[in-house]
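Fold and geometry: a report
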Amino acid sequence: MRPLLSGDAVGMSAGGGRIEIRGVHHEYMRQGDKVPQVALAAVDLDVAPGEFVCLLGSSGCGKSTLLMIVAGLFRPTSGEVLLDGAAVTGPSRDRGVVFQEYALLPWKTVRSNIALGPRLAGASRRDANRIAEEYLELVGMPQVGDKYPHELSGGMRQRAAVARTLAAKPKVLLMDEPFAAVDAQTRSVLQEELIGIWARTQQTVVFVTHSVEEAALLADRVVVMSSAPGRVKEIFAVELPHDERFEPEMAPEVAGVAAKLLTTVRTSRPVRNKGSEQWSA
Amino acid sequence: MKVPAWRRLLRPGAVPVALVLLGWLALPYFDHIPQYKLPHLAQVGSDLWGLARSGALWAALGDSMGRLGTAFVLGAAAGVLVGLAVTLSRSLNDFLMPVIAFFNAIAGIAWIPMAIVWFGFGSGPVIFVIANNVFFIVLYNTLLGAESIPAIMYDAVRVLGGYRRLTMVREVLVPGAMVGVLSGLRTGLAFAWRALVAVEMIAASNGLGYLSIQASRVFDGATVVSVILVIGAVWVVMDRVLLRPIERVTVRRWGMVGQTDF
Amino acid sequence: MVGIGTAAPVLPGPARARPAGRVGHGVALVGKALLPFVVLVGLWQASALALGLSNYLYPRPALVLRTFGVLVQHGVLLSYTETSMWRWFVGVAAGAGLAVPVALVLTFYRPVARMMFPLINFFTAIVELAWIPLFVLWFGYGFKVIVLSIAYVTFFPVLANTMTGITQIPRTSIHAARTLGANRWQMALHVLLPGSLPGTVTGVRTGAGYGFRSLIGAEMIAAQSGLGYMIFESRANQLTQRTIAGMITIGVLWLVIDRLYLRSIEKATVQRWGMQRRAPR
């Protein structure tokens, strides 16, 4: 059991966070179908501790499904996911998830939402609230603890959701298109903030996106996935230093990476096979 | 919101009310309408005053409210519990829902005759029928509330370490279903109040409904109209004093419902 | 993320909304729906035997079944059902027929509406059945009293829902009609009435339900025929098996009306036009 409160609550994570995805295959039945749909076919992927990996692909490529499998919210049809060598069997506070739709509980104040993780781990109400305050500070909105989620803007809600996930002190951070629902302006601010936080906590991050620019800005490595069924098509290492990518003069280089990613994503579009049923629904 | 009472009387809504009252005041000049059919305003006023002074009104009101309270608490508690249980267990859901749908279709009031057979005239059938009424309304609204919780809320709590079912129930199901439960309670109370008057007319020997139907039998129009006014007024008070404040401090504060009134 | 939503959930979360009945499983579904009733009748019979109560207090299933036969044979059941349904139909039609034009007028003349609301609210608050003693003084027992109380209770939900329906018509439709030169009544005919129809239909369905309950209650108090009269009078004559038979008839009748007619009308209007009432969040 990791300590809930170290001297520096918002600091480096307790280490670890190696993810190994081994031959993950996922099928599901859509309503009315006779034959199962294959969402993921034999996916292998390793993520090193502290690494920031983006899963990139067009919609329907199974990237979110893969993330949910790592989170333990979906169970793969076959194959397994290991976290620091231990098989994933279900959701756990080891693996924090930030959902696209924020998923803040509307009946709790922002503070109570963030305090929920520590509370479920056994912290007292006072300690949990103190932790919540620290994380609110971390995401740059120390004054909104008493508000309810519906009173916040989209960007603030997503900050709160990130704070809630971080406050549970996960070893890895799983983010499912977290910035897809906010406007472009807010998105770029949030992206920079995320990298700032990641630099401090040094957590493993798996980040799902369909935006090549986002992947180029954020990732150590970009995993491009192809659709129907979802596979790993190609893996790129982005060599640019993280702290420079948001500098305006680096924009051309980032754009160059994005362009390269785009070419790969484009050629990984699904081919409509004769007799393929995937697209008829 | 601090408008003095007398100022509020000047609002536009007061105009039709005043017109109705004026029309009613003018009634004595239309002498072809018999008093028992449409009693004069003064008549109703003095009747109401008489009922209040003699204590008959308070006794009837007390009887009615006591039954309402008992039946409402019984029906609502059962409704919420069964609603949550059915939500939590798929097989219970499959088994119970058709039966529930059928019994719900038997209008609560249709139970009056059997309730009289089982409990005799008095409070028994009134409480039985009303609790029955409230139960279904609260149950269905609880189910609706529980169903409207996005699945992602459960996922969000699970990934934060809420592994136990009880945690899920406490953190997500109960507060999430609250929108439904509260609207169920509100509707349930409204229906209970409707049913109460009807059942008392048929199956009781005291209470507001009985007071009214007895008056009708002896052509005492003034008392009938008095009771109608009391019934309307009590509902308005219950709604404002009891239900809306509860809604204000919960689901409305959570941004889960909008303004739904006229 | 197509597909994720329909993937089988891993954990036994709370029961989700049941999938729409599939044609192939119709028989199984009917069986599944009937089973509880078979069990119920079994319990009824068993408890009747175990409790040993008289037929007056607790009529046996077999007796109720035989009573059904008798009531049908003598034509009582059919004629009473007819009587009740006619009263109900006239009442609902009158209430709804009055409510829609009133809703239009109140929408056109907002100041009138603002003036009328307190009065409308007050009359809504008065239970329709509370009027029955007064109606009885006016009209004596029978048709008029019953129809009047059904119309009364139908009027308010239809009014409220029609007005809500009108306010939910997109502003753009109204502006579009205005730029096309529509006058008030053309606006009512081409935009407001059809646009508010989903609201009206919902209101009618609600009102029809209230009216049905009102029918049974009113018939017990103020009628000498009809299903409500039958179940009440049978008790007085110690024929509770008829009361139970009447209750079952009432239940089945309402299920048929609601499921076959009202619900399909609602579906036809609301869904065909793609106008869904917004689900509460």
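From a predicted model like this one, the values you see are computed outputs, not experimental measurements. (Residues numbered from 1 in each chain as written. Chains lettered and ligands numbered in written order. Predicted model: local features only at pLDDT ≥ 70, side-chain atom pairs only at ≥ 80, totals over all residues. Heavy atoms only, no water.)

A word on the packing of helix H10 (residues 208-217) of chain B against helix H5 (residues 128-139) of chain C
Quick reminder of the rule: Working convention: axes come from line fits to C-alpha atoms, limited for helices to the stretch in contact. Angles between N-to-C directions cover 0 to 180 degrees. Each helix is a run of H or I in the DSSP string that is no shorter than four residues. Each strand is a run of E no shorter than two, and both are numbered from the N terminus. Just so you know how the angles are binned, under 35 degrees is roughly parallel, over 145 roughly antiparallel, 65 to 115 roughly perpendicular, and the rest oblique. The contact rule is simple, with two residues in contact once any of their heavy atoms fall within 4.5 Å.
With their axes 9 Å apart at the nearest point, H10(B) and H5(C) run at an angle of 0° to one another. When the interaxial angle is binned, H10(B) and H5(C) end up roughly parallel. Contacts between H10(B) and H5(C) involve Ser212(B), Ile213(B) and Ser216(B) from the first element and Ala130(C), Pro133(C), Val136(C) and Leu137(C) from the second.

Considering a negative patch on the surface
Applied cut-off: The patches reported here contain residues having more than 30% relative accessible area and no salt bridge. Joining distances are 9 Å for like charges and 5 Å for nonpolar side chains (Val, Leu, Ile, Met, Phe, Trp, Tyr). Per-residue accessibility takes into account occlusion by the displayed protein chains alone, with areas from the Shrake-Rupley method and a 1.4 Å probe. For this analysis, a salt bridge means a side-chain nitrogen from Lys or Arg found within 4 Å of a carboxyl oxygen belonging to Asp or Glu. Residues scored as positive are Lys and Arg, those scored as negative are Asp and Glu, and His as well as the terminal groups of each chain are ignored. For this purpose, a charge sits on NZ of Lys, CZ of Arg, CG of Asp or CD of Glu. Only protein chains enter the calculation, and the probe is 1.4 Å; a residue is then buried if its accessible area is under 20% of its type maximum, exposed if over 50%, and partly exposed in between.
Together, Glu192(A), Asp243(A), Glu244(A), Glu247(A) and Glu249(A) make up a region of like negative charge exposed at the surface. Residue class for Glu192(A) comes out partly exposed when judged on its relative accessible area of 45%.

A few points about the pattern of salt bridges
Tallying each qualifying case throughout the model produces 15 salt bridges over all chains. The salt bridge involving Lys108(A) is made with Glu171(B); its shortest N-O contact spans 2.8 Å. Taken together, the positions of Lys108(A) in the loop between strand S6 (95-98) and helix H2 (110-120) and Glu171(B) in helix H9 (residues 165-203) put the pair across two chains. This pair shows no difference in class: Lys108(A) is buried, exactly as Glu171(B) is. Between Glu171(B) and Arg170(B) there is a salt bridge; the shortest N-O distance is 3.2 Å. A relative accessible area of 47% means that Arg170(B) is categorised as partly exposed. Each of Glu20(A), Arg22(A) and Asp46(A) takes part in salt bridges that share partners, so that together they form one network.

Some details on unusual backbone geometry
Residues and elements named next belong to chain A. A positive phi angle is found at Asp-84, which is not glycine, with a value near 50°. As for its placement among the helices and strands, Asp-84 is situated in the loop between strand S4 (78-83) and strand S5 (86-87). Although it is not a glycine, Tyr-102 adopts a positive phi angle of roughly 65°. Position of Tyr-102 among the secondary structure elements: in the loop between S6 and H2.

Observations concerning the confidence of the model for chain C
Residue and element names in this part refer to chain C. Stated formally: Residue-level confidence of the predictor is what pLDDT reports, using numbers from 0 through 100.
Mean pLDDT over chain C: 80, with 84% of residues reaching 70 or higher. Averaged pLDDT values for the elements of chain C fall to 78 in helix H7 (residues 171-179) and rise to 92 in helix H3 (residues 76-108). For the stretch residues 1-24, pLDDT sits under 50, and the model shows 39 contacts to residues farther than four places along the chain or on other chains. Per the prediction output, this complex has pTM 0.78; the corresponding ipTM is 0.78.

Overview of the state of the cysteines
All names here are of chain A. Definition in use: Cysteine sulfur atoms are paired as a disulfide whenever they come within 2.5 Å of each other.
Evaluated as defined, the whole model comprises zero disulfides over all chains. In this model Cys-61 remains outside any disulfide bridge; the closest cysteine sulfur is found in Cys-54, 13 Å from its own. Residue Cys-61 is classed as buried on the basis of its relative accessible area of 0%.

Description of the confidence of the model for chain A
Residue and element names in this part refer to chain A. Mean pLDDT over chain A: 82, with 89% of residues reaching 70 or higher. In this model, residues 1-9 is a region of pLDDT below 50 whose contacts with residues beyond four sequence positions or in other chains number 16 contacts. Across residues 271-281 the pLDDT falls below 50, and counting only partners more than four positions away or on other chains, this stretch makes six contacts in the model.

Comments concerning the packing of aromatic side chains
What counts here: Classification of ring pairs rests on two measures: the distance between centres of Phe, Tyr or Trp rings, Trp counted by its six-membered ring, which must be within 6.5 Å, and the angle between planes, read as stacked under 30 degrees, edge-to-face over 60 and tilted in between. Charge-over-ring placement is defined geometrically: NZ (Lys) or CZ (Arg) within 6 Å of the ring centre, and within 35 degrees of the ring normal.
The final tally for this structure, using the stated rule, is 24 aromatic pairs over all chains. Sitting above the plane of the Phe191(B) ring, Arg194(B) keeps its charged end 5.0 Å from the centroid. In this structure, Arg194(B) packs its charged tip against the face of Tyr210(C), placed 5.0 Å from the ring centre.

Observations concerning the pairing of strand S3 (residues 52-56) of chain A
Taken across its five residues, S3(A) has five buried, putting it largely inside the fold. By the alternation rule, side chains of S3(A) split into Phe52(A), Cys54(A) and Leu56(A) and Val53(A) and Leu55(A), which are all buried.

Examining the packing of helix H8 (residues 151-159) of chain B against H9(B)
Residue and element names in this part refer to chain B. The condition is simple: Here a crossing is called left-handed whenever its near helix is offset anticlockwise from the far helix by less than a right angle, and right-handed whenever the offset is clockwise. All residues other than Ala, Val, Leu, Ile, Met, Phe, Trp, Tyr, Cys, Pro, Asp, Glu, Lys and Arg, Gly among them, are scored as polar; the first ten of these are nonpolar and the last four charged.
The interhelical angle for the contact between H8 and H9, taken along N-to-C directions, is 135°, at an axis separation of 10 Å. On the basis of their axis angle, the class for H8 and H9 is oblique. In this structure, H8 crosses over H9, and the sense of that crossing is right-handed. Residues Met-153, Tyr-154, Val-157 and Arg-158 of H8 pack against Thr-167, Met-168, Val-172 and Leu-173 of H9. Counted by class, the contact of H8 with H9 contains six nonpolar, one polar and one charged residues.

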